[in-house]
Amino acid sequence: MKKTILIAIALFMNTVLSAQDNKVTEAKFNVDGVCGMCKSRIEKVLKIEEVKLAKWDKGAKIVKVAFLSSKITLDSLQRRIASIGHDTEKFKAPDSVYANLPKCCLYRDGQPTH
Ligand SMILES: [Cu+2]
């Protein structure tokens, strides 16, 4: 009887712990970009195991993400996006990467946005 209770407790704890492990957090943050190519570039870099959903709104310049917060941080998601040429709320893309974006994707000052 004691053994059964212990097993039950162990199983319960296991469920609680794995539930915490798989907790999905939703967040929105600003990401600069212009066109459909930007959209696929931004969403593609977030196609990783830890991210359950990533949608960039071209008009609002906002990306909506749902991710496993026990496995990856919001900062590292923003860093991933900045590393491929798109400025985010917290991180600026390296100039060298930005300079290599196709012309239609340039969004910084002085560039026509369409
Ligand atoms: Cu673009």
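Heads up: the structure comes first, above all this text.
Since this is a predicted model, take the numbers as computed values, not measurements.

### Brief notes about the overall build of the protein chain
Move 1: Within the protein chain one finds 4 helices and 3 strands.
Move 2: Starting at the N terminus and ending at the C terminus, the protein chain contains elements arranged as α-β-α-β-β-α-α.
Move 3: Projected onto its principal axes, the C-alpha coordinates of the protein chain cover approximately 75 × 25 × 20 Å.
Move 4: In the protein chain, which comprises 114 residues, the share counted as buried stands at 18%.
Move 5: Of all intrachain contacts in the protein chain linking residues separated by at least 6 positions in sequence, the fraction that spans at least 24 positions is 55%.

### A short note on the nonpolar core
Move 1: Counting residues in hydrophobic clusters, the biggest one holds 13 residues, and the most contacted among them are Val31, Ile42, Trp56, Val63, Val65, Leu77 and Ile81.
Move 2: Of all elements in the fold, only helix 2 (36-45), strand 3 (62-68) and helix 3 (74-83) reach the threshold of two or more residues within this core.

Procedures and definitions
Residues numbered from 1 in each chain as written. Predicted model: local features only at pLDDT ≥ 70, side-chain atom pairs only at ≥ 80, totals over all residues. Helix = DSSP H or I, 4+ residues; strand = E, 2+ residues; numbered from the N terminus. Buried ≥ 20, exposed ≤ 12 C-beta atoms within 10 Å, placed from the backbone. Contact = placed C-beta atoms within 7 Å. Core = buried A, V, L, I, M, F, W, Y, C linked by C-beta atoms within 7 Å.

Geometric values such as these leave the question of function open.
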